Amino acid sequence: MTGKTAFETRHGFARNQVLLDNWRESPFSRWSFQNVGELVPSVRVAAVPGSGEIPVQDFGGLLDEKVALAGGPETVAAFLTRSDTDALTIMKARKIVGDWFAPHMQFGARHIIFSISKSLTAILAGILEGGGIFDPQAPVTHYLPEAAGSAYGDASVRHVLDMTVSLDFEEAYLDPESAFARYRRATLWNPGGGTESLTDFILTLQRLAEPHGRTFRYRSPNSDLLGILLERASGQCFAELMREKLWLPLGATSEASVTVDREGTARTAGGISVTPRDLARVGEMMRQGGMANGRRVVPEAWVRDTVSTGGDTEAWQRGTMAFLFPQGRYRNKWYQTGAASGAFCGIGIHGQWLYVNPTAEVVIAKMSSQPEPVDEPLDLDMIAFFEALTRMV
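Bear in mind the structure is a predicted one, so any value in this text is a computation, not a measurement.

1. Notes on the pattern of salt bridges
- Per the counting criterion, the structure on display carries 25 salt bridges.
- Across the pair Arg262 and Asp200 runs a salt bridge, and its minimum N-O distance is 3.7 Å. One end of the pair, Arg262, is in the loop between strand E7 (256–259) and strand E8 (272–274); the other, Asp200, is in helix H8 (residues 198–202), with 62 residues separating them in the sequence.
- For Asp200, a relative accessible area of 35% gives the class partly exposed.
- Residues Arg304 and Glu300 are paired through a salt bridge, measuring 2.3 Å at the closest nitrogen-oxygen approach. Taken as a pair, Arg304 and Glu300 lie in helix H12 (residues 300–309) at a separation of four residues, close to a single helical turn.
- Looking at Arg304, the relative accessible area reads 38%, which means it is partly exposed.
- Within the structure, one salt-bridge network assembled from shared partners comprises Glu53, Asp99, Arg277, Asp278 and Arg281.

The structure is reproduced here in structure tokens:
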């Protein structure tokens, strides 16, 4: 008679059931989103040497408070469970207010942040721009001449940063026969990869007839391309750039990681994993205009342009995500909500959020393992939830 392993007892499934073809599916994602490096090749990004972390902070009575959502009042704790939350960290006025973890996630664990990776990658673009190394107005071909025959042949870096490339590509997350599935094979995220590199795949993409710059089109290959452009401009690999320019200056206390393809090219559109605390620190740095620990990390003008003054309202309205933020904009891979508070955020599939309310001095990092990649009604509830939390803390 064979009993359950400790892993199976804790998670409800055996480790050998988690495979490359199901790691983003429930219930396996509750474990795999914290252990991506066991499934996809990854490289580490070191944190501040010898740095420690204060213990988990208890939210106390906040979990029993009720928030008004579309379906009626709901306690904070109930919403965290309903939205498949793995971890939640809140900061206010530079201090940790509290942390919450699901039973299957421990304090200090890393979690993949999917498309918030785009927002972190764009921060590096802002840092390099401030150093005179990277020009957002330059043609993509200035850094990547090989892109001449692709959709990016007549696009600028600004088009890439703001998702206004007129790219003939769809984010078909659940279609195994789509170009998106081929894209994931090139990133080694799906079975059957290894025959085509991420760069090779990107350079096969073609454009639509509409001019670049007119419409916001959420297309993840743009953000992987941005990582490639940053490497070309700096002469450094992405993990080195992130460690030197962001992670160490930020004062991150835990190492990060990023998945890579067969050539070692980083999946900068969605492959970064960090702890909830360090993700919150990124948001706090942005809230402080690019400062962390009394040190300038990102140029203030770049942060202001990203979270407040930049972005094309008309391009955003022509896109398919305007329902989230009817008065919003998208700039440098961050979302401006258009709210009077000046709130802005980074968002990733399966329920990853980094929400910043500068007026209230609040930062909320939420990591999740939602079964569906995109759940629009839940996203709207999420925004209302963050606004309610901001008023409570």
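2. A closer look at unusual backbone geometry
- Here the residue pair Ser26 and Pro27 is connected by a cis peptide bond, since its omega of 5° sits within 30 degrees of zero.
- Tracing the sequence through the fold places Pro27 in the loop between helix H1 (6–11) and helix H2 (29–32).
- Positive phi, normally seen in glycine, also occurs at Phe114, with a value near 45°.
- Along the polypeptide, Phe114 turns up in the loop between strand E6 (111–112) and helix H4 (116–130).
- One non-glycine residue with positive phi stands out, namely Glu361, at about 60°.
- Locating Glu361 in the fold gives a position in the loop between strand E14 (352–357) and strand E15 (362–368).

3. A short note on the packing of H4 against helix H9 (residues 221–234)
- Between H4 and H9, the least distance of the axes is 10 Å, while the angle of their chain directions is 30°. It follows from the interaxial angle that H4 and H9 lie roughly parallel. By crossing handedness, the relation of H4 to H9 is classed as left-handed. Facing H4, whose interface residues are Lys118, Thr121, Ala122, Leu124, Ala125 and Leu128, H9 presents Ser223, Leu226, Gly227, Leu230 and Ser234.
- Of the residues contributing to the contact of H4 with H9, the split by class is six nonpolar, four polar and one charged.

4. With respect to the sheet that holds E6
- Strand order in the open sheet made by the four strands is E1-E7-E8-E6, with antiparallel pairing throughout. Unpaired on one side and paired on the other, strand E1 (42–45) and E6 mark the two borders of the sheet.
- With two bridges joining them, E6 and E8 adopt antiparallel strand pairing. Within E8, the position partnered with His111 by the bridge is Val274.

5. Regarding the packing of aromatic side chains
- This model, assessed by the stated rule, comprises 25 aromatic pairs.
- Centroid distance Trp23 to Phe33: 6.2 Å. Interplanar angle 85°. Geometry classified as edge-to-face. A residue pair is termed long-range when its members are at least 10 positions apart, and Trp23 in the loop between H1 and H2 and Phe33 in the loop between H2 and E1 qualify at ten residues. With respect to burial, Trp23 and Phe33 carry one shared label: buried.
- Ring centres of Phe33 and Phe114 lie 5.0 Å apart, and the angle between their planes is 75°; on these two criteria the pair is classed as edge-to-face. Here Phe114 lies in the loop between E6 and H4 and Phe33 lies in the loop between H2 and E1, a separation of 81 residues in the sequence.

Conventions we followed
- Residues numbered from 1 in each chain as written.
- Predicted model: local features only at pLDDT ≥ 70, side-chain atom pairs only at ≥ 80, totals over all residues.
- Heavy atoms only, no water.
- Salt bridge = Lys/Arg side-chain N within 4 Å of Asp/Glu carboxyl O.
- Helix = DSSP H or I, 4+ residues; strand = E, 2+ residues; numbered from the N terminus.
- Buried < 20%, exposed > 50% of the residue type's maximum accessible area, 1.4 Å probe, protein only.
- Axes fitted to C-alpha atoms, helices over the stretch in contact; angles between N-to-C directions.
- Parallel < 35°, antiparallel > 145°, perpendicular 65-115°, else oblique.
- Left-handed = near helix turned anticlockwise from the far one by under 90°.
- Contact = heavy atoms within 4.5 Å.
- Nonpolar A, V, L, I, M, F, W, Y, C, P; charged D, E, K, R; others polar.
- Pairing = 2+ DSSP bridges.
- Phe/Tyr/Trp six-rings, centres within 6.5 Å; stacked < 30°, edge-to-face > 60°.

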